[in-house]
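# Structural overview
Here is how the chains run, residue by residue.
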Amino acid sequence: MARIGVFICHCGENISATVDCPKVSEVAAKFPGVAYSVDYKYMCSDPGQSLVVNAIKEHKLTGIVVSACSPRMHEPTFRRACAEAGLNPYLCEMANIREHCSWVHEKGDRTDQKAIDVVRMMVEKVKRNNALMSIKVPVTKTALVIGGGVAGIQAALDIANAGHKVVMVEREPSIGGHMSQLSETFPTLDCSQCILTPRMVEVAQNPNITLYTYAEVESVEGFVGNFNVKIRKKAKSIDETLCNGCGMCTTKCPQKKIPNEFELGMGNRPAIYVPFPQAVPNVPVIDRLNCTYYKNGKCKICEKFCQPKAIRFDQEDEIIEVAVGAISICTGFDVKKTDFFPEYGYGKHKDIIDGLQFERMASASGPTLGAIRRPSDGAEPKKIVFVACAGSRDPAKGIEYCSKICCMYTAKHAILYKHKVHDGTAYIFYMDIRAAGKNYDEFTRRAIEEDNAQYIRGRVSSIYERDGKLIVIGTDTLMNHETVEIEADMVVLATAGVANQGAEELAQKLHVSYDQHRFFSEAHPKLKPVETNTAGIYLAGACQSPKDIPESVAAASGVAGKISCLFSSSELTREPLIAFVDRIAAPDYSSCTGCFLCQPVCPYNAIEKEDIKDRAGNLIKSLAYINPGLCQGCGTCVAICKSKSIDIDGYTNQQMYSEVDALLNS
Amino acid sequence: MKLGFYPGCSLEGASREYNESVQAVAEKLGIELVSIPDWNCCGATAAHNLDKELSLSLPARNLALAEEAGLTELVVPCAACYSRFTVTQHELLHDNAMHKKVNEIIGKEYKGTLRILNVIQFIEEYIIDKLEDNMKFEINKKVACYYGCLLVRPNKILNFDRTEDPQTMDVVMKKLGADSIDWAFKTECCGAGFSVSFTEAVGRLSGKIIEDASHRGAEALVVACPMCHSNLDMRRPAMDKYNGKKIDTPVIYITQAIGLALGIDRKKLGLNRHFVPVKLDNFKPYVKKEVVVENTQIMEEI
């Protein structure tokens, strides 16, 4: 005979201001099988939980219903209380009378009645609940880091230094990401390469880290602690074990006029190339689309000059399978290109460049060796205009969000420009100067006060070319909205930071959510900023939203901390709310007919074939078997099963029907 | 071939040369333009500032009359009329209550079945393919195509050409053999209705346009809007004053340019009616050949 306890929570006034809690408690006490019913102001508080624990012991309760908030909020709390009182935690149910009742209805009899009905349903359900044991799964203590920019590097090094194995996958031929393209960094103006390249080398040398460059994630299966990942290692056409990085092939390659991606088209590279001299690994790749041999079947000059004989024209893509316990997404961002802006000429003016191109220009290793030069004629620009918020904060034509990093890097650009062109003038059109951060505002003040950057608060309506100059038409909103016309030599657009190419496909491969801008979504904007909604998959850096270097690094270390926590024990505990195929006595063994319709619908590949054999080993019957390690309890197989042989623990058909019955018979 | 035609006030008055050239080109190519019977004002400039219902009812009556006359396509050469017509059609088809109300006001049922074409769309659909067979001359001149504000805006409603740096007129002019220049003032304001009340502003705004075009070596400006034309042509003294120099670059309608290429008599095209004399001549005789239109790719992107 069931002895159910009902605990009605007031949630301060959240519930009690709308629902008559004492009355609900009184009515619930009379439900068949209810042995105890009480209401209390804060059931989740320490005294509230003690009340639950004591009542279970005192009244020998066989199940409880806590009528309070959403189970997403406090179900774990009350399940723990149950366990403490010696009751199986899965004999505790939540009746949500806050989100589903008090918050959405007016005070009144009908609201009280709804609360009573919700409690009645859960009482009927919990009577049919079974004691369940949580599932233990082993943890593979290897982390996958997708993306080798500064966030990926930081995450990989922190996890590796905590003693765990790391597999890093990078799409480009070298790790380093956008940070390796930057000149100096704000707010200290230290050289980006100087602080990054040692970290890149550390990644390559760390014995705990396996690095796959020129590689992409092909597929991901499994769940937290036990992911199976397939990595496509694209053919570099080089035997990496033989290549000594001498660079002979890249100097001898006759194809020299391919736009260099690393220099954002401002320089050229050969068909066999390393993206930049400090690349890690220092192994070239052959760009098959542009290589003469792959186009015409003749050339192979690189092979002739390669002393270690490392060139492999017939190399094929390789699929590598790795087992990992956790995944960190660090795939970074991209910037809008200048052709996105009709009012600035659809990208047709050579001397209008984006912020990333300016970084390359200002970089000592860039196409101009750090000199600021007009791309059109190589002249030194004496008047330069920076346009902040190009595409950002522009719901009409661009994107509505703030790209966050542009205010700071534009101030940096103005400073760098002034350091290189002493007699030049830098103008900055801006909407607001957003310089929140340690030493950030001081930095923008430095640009204004020491380096004489001319900040003009207003937007630029159009830019056109006339006699070799770029005429920039804008407005100065602090000068009575006067039209400002500047004859500039060069214009730098601080174009909006956007999600990286391929972010959407990767999100779908990993089953993690992303927002309308294709940035990956965190599980909670405040309390779970580096977790995704999928257990075991984390986010770091600008793949989540535009972030600067310190923020990306902090998030990456946060991820490393989370993953280290996950790897701190050898087993994970999972909720046992999973599907199972019924078993009955011989000669039927199960009502399952072995049709296996359930197999293709299972999104987690959890359904296997189980053979029932007699002692002689002869097959009697094949049944569906659900692997408890893989099942996520989605219930799709339950719905499709023709013989109703599959059920889900914690949500059995019987339990669900009893809830519905309770509601209909009230 | 029969198409509906709405001249509006400009084409019957100050810009009759626009009308003359549209009619002359249509006649030459065997296209019959049928005016809407009993047409009224489109409501441009004043109505939409004063009274929304009035601003929708005036064009709606015209459109309803055209429908009643059994027309399916309507050529509206004036950019302002075109804007009022298309905006009205859009608003009424997206607002049932207003549609009902306007029907009551005009005492007719406006169905919204008409296709409204501006002069460029008219050229693209009914003229451009016939040029090769009918052209007598190439307009071998450097020209600046000036679009103004109303022809390409609001983009959301018109869905025609790109708002900044439009291309459709350039494509037509290139087809006529002209060298249409890339310049900066294609859609800058000409001063529009300030022509009478604040001529000095027109002098400044149109002055910048004409100065940039002539600076880049344009021998003529090509327009498709009577308002733009009258400002750029008639207010030349105010512009010259603003620019501090005399600029005699003429302003012609795109239909006049087509007329010249077709060898139509200059007087028939109304070229004698301009304030700034149109001296363009010495056109190269046209020899039929494969014309490569550079901008096709951009057109496809639109």
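Residues numbered from 1 in each chain as written. Chains lettered and ligands numbered in written order. Predicted model: local features only at pLDDT ≥ 70, side-chain atom pairs only at ≥ 80, totals over all residues. Heavy atoms only, no water.

Attention now moves to helix 14 (residues 254–261) of chain B. All names here are of chain B. By the criterion of burial, helix 14 is predominantly enclosed, with eight of the eight residues buried. Within the sequence span of helix 14, burial applies to Ile254, Thr255, Gln256, Ala257, Ile258, Gly259, Leu260 and Ala261. For helix 14, the elements touching its buried residues are helix 2 (16–28), helix 7 (119–134), strand 5 (137–138), helix 9 (168–175), strand 8 (220–223) and strand 9 (251–253). Just beyond helix 14, the residue with positive phi is glycine 263, at close to 80°. (Buried < 20%, exposed > 50% of the residue type's maximum accessible area, 1.4 Å probe, protein only. Helix = DSSP H or I, 4+ residues; strand = E, 2+ residues; numbered from the N terminus. Contact = heavy atoms within 4.5 Å.)

Next up on the list: the sheet that holds strand 7 (residues 179–180) of chain B. Residues and elements named next belong to chain B. If you trace the four strands from one edge of the open sheet to the other, you get 7-6-8-9, paired in parallel fashion. Each end of this open sheet is capped by a strand with a single partner; those strands are strand 7 and strand 9. By the bridge criterion, two bridges tie strand 6 (residues 142–145) to strand 7 in an arrangement that is parallel. Counted as the bridge partner of lysine 142 is aspartate 179 from strand 7. Where helix 12 (residues 226–234) meets the sheet, it contacts strand 8 and strand 9, and its direction lies at approximately 160° from that of strand 9. (Pairing = 2+ DSSP bridges. Axes fitted to C-alpha atoms, helices over the stretch in contact; angles between N-to-C directions.)

Attention now moves to the interface of chain B and chain A. On the side of chain A, eight residues touch chain B, which itself brings ten residues to the contact. Of the roughly 880 Å² buried at the junction of chain B and chain A (both faces included), carbon and sulfur atoms supply 42%. It is Glu164, His215 and Arg216 of chain B that lose the most area in chain B upon contact with chain A, and together they represent 45% of the buried surface on that side. The interface formed by chain B and chain A includes five salt bridges. Linking arginine 466 of chain A and aspartate 212 of chain B is a salt bridge whose minimum nitrogen-to-oxygen distance equals 2.8 Å. (Buried area = accessible area lost by both parts, 1.4 Å probe. Salt bridge = Lys/Arg side-chain N within 4 Å of Asp/Glu carboxyl O.)

On to the nonpolar core. Residues Phe122, Met173, Leu221 and Ile254 of chain B are the most contacted members of the largest nonpolar core, which totals 99 residues. Tallying contributions element by element places helix 7 of chain B first for this core, with eight residues. (Core = buried A, V, L, I, M, F, W, Y, C linked by side-chain atoms within 4.5 Å.)

All names here are of chain A. For the structure on display, the rule yields 18 aromatic pairs over all chains. Both rings, one in tyrosine 430 and one in tyrosine 455, keep their centres 5.5 Å apart while their planes meet at 70°; by these two values the pair is edge-to-face. With a gap of 25 residues between them, tyrosine 430 in strand 22 (residues 425–430) and tyrosine 455 in strand 23 (residues 454–457) connect regions that are remote in the sequence. Each member of the pair, tyrosine 430 together with tyrosine 455, is buried. Aromatic ring contacts, followed pair by pair, group Tyr293, Tyr294 and Phe313 into a single cluster. (Phe/Tyr/Trp six-rings, centres within 6.5 Å; stacked < 30°, edge-to-face > 60°.)

Right, let's talk about the state of the cysteines for a bit. Residue and element names in this part refer to chain A. Under the counting rule described, the total for this entry stands at one disulfide over all chains. Across the disulfide from cysteine 191 sits cysteine 194; the S-S distance is 2.4 Å. Residues cysteine 191 and cysteine 194 are joined by a disulfide whose S-S torsion is about 85°; by sign, that bridge is right-handed. Residue cysteine 191 is classed as partly exposed on the basis of its relative accessible area, which comes to 24%. Note on cysteine 595: no disulfide assigned, nearest cysteine sulfur contributed by cysteine 598 at a separation of 6.2 Å. For cysteine 598, a relative accessible area of 6% puts it in the buried group. (Disulfide = S-S within 2.5 Å.)

A cis amide bond, omega -5°, links phenylalanine 186 of chain A with the succeeding residue proline 187 of chain A. Here proline 187 of chain A lies in the loop between strand 8 (184–185) and strand 9 (190–191). Going from alanine 586 of chain A to proline 587 of chain A, the amide bond is cis rather than trans, its omega being 10°. Mapped onto the fold, proline 587 of chain A is located in the loop between strand 31 (579–581) and helix 16 (598–601). Even without glycine at this site, asparagine 452 of chain A takes up a positive phi of about 60°. If you trace the backbone, asparagine 452 of chain A turns up in the loop between helix 13 (440–449) and strand 23. When its relative accessible area of 43% is taken as the criterion, asparagine 452 of chain A is described as partly exposed. Phi at aspartate 161 of chain B is positive, roughly 55°, even though this residue is not glycine. Along the chain, aspartate 161 of chain B falls in the loop between helix 8 (155–158) and helix 9. On the accessibility criterion, aspartate 161 of chain B (5% relative accessible area) is buried.

What follows is about the domain arrangement of chain A. Accessible area lost during the coming together of the parts is what is often quoted as the interface size. Domain annotation of chain A identifies domain 1 (4–127), domain 2 (142–234 + 317–332 + 501–566), domain 3 (248–305), domain 4 (336–498) and domain 5 (579–648). The distance between the C-alpha centroids of domain 1 of chain A and domain 5 of chain A comes to 36 Å. (Domains from an automatic or database assignment.)

A word on the pattern of salt bridges. Taken as a whole and assessed by the stated rule, the structure comprises 53 salt bridges over all chains. Of the charged contacts in the structure, one is a salt bridge between glutamate 93 of chain A and lysine 125 of chain A, with a shortest N-O distance of 2.8 Å. Of this pair, glutamate 93 of chain A sits in strand 4 (residues 92–96) while lysine 125 of chain A is found in helix 5 (residues 109–127), placing the two residues 32 residues apart along the sequence. Comparing glutamate 93 of chain A with lysine 125 of chain A, the two get one shared label, buried. In this structure, glutamate 263 of chain A engages arginine 360 of chain A in a salt bridge whose closest nitrogen and oxygen atoms are separated by 2.7 Å. You can see glutamate 263 of chain A sitting in the loop between strand 13 (258–259) and strand 14 (268–269) and its partner arginine 360 of chain A sitting in helix 11 (residues 355–362), a full 97 residues away along the chain. Residues participating in the shared-partner salt-bridge network are Lys348 of chain A together with Arg162, Asp165, Asp170, Asp182 and Lys186 of chain B.

Residues and elements named next belong to chain B. Split into domains, chain B comes out as domain 1 (2–117) and domain 2 (134–301). The centre of domain 1, based on its C-alpha atoms, is set 24 Å off from the matching centre of domain 2. Facing 23 residues of domain 1, the contacting portion of domain 2 comprises 24 residues. Between domain 1 and domain 2 the total buried area reaches about 2,000 Å² when both faces are included, carbon and sulfur atoms providing 69% of it. Sorting the residues of domain 1 by area buried against domain 2 places Glu17, Tyr18 and Lys28 first, and these three jointly supply 27% of that buried surface. Here domain 1 is connected to domain 2 by two salt bridges. A salt bridge links glutamate 20 to arginine 273; the shortest N-O distance between them is 2.7 Å. Viewed at the interface, domain 2 and domain 1 are joined by four residue pairs in polar contact (both at pLDDT 80 or more). Of all elements in the fold, only helix 1 (8–12), helix 2 and helix 5 (79–93) reach the threshold of two or more residues within the side of domain 1 that touches domain 2. (Polar contact = N/O pair within 3.5 Å; in protein donor to acceptor, adjacent residues only side chain to side chain.)

Residue and element names in this part refer to chain A. Side chains of strand 18 (residues 326–329) alternate between two faces, with Ala326 and Ser328 and Ile327 and Ile329 buried alike. Note that strand 6 (residues 142–146) and strand 18 share four bridges and pair parallel. In the strand pairing of strand 18, alanine 143 is matched with alanine 326. Judged from the three bridges that link them, strand 18 and strand 29 (residues 537–539) form a sheet pairing that is parallel. The partner of isoleucine 329 across the bridge, within strand 29, is leucine 539.

Where nonpolar side chains cluster on the molecular surface, the patch consists of Val660, Leu663 and Leu664 of chain A and spans about 270 Å² of accessible area. Tracing the sequence through the fold places valine 660 of chain A in helix 18 (residues 653–664). (Patch = residues over 30% accessible without salt bridge, like charges linked within 9 Å, V, L, I, M, F, W, Y side chains within 5 Å. Areas by Shrake-Rupley, 256 points an atom, 1.4 Å probe, with all protein chains shown as cover.)

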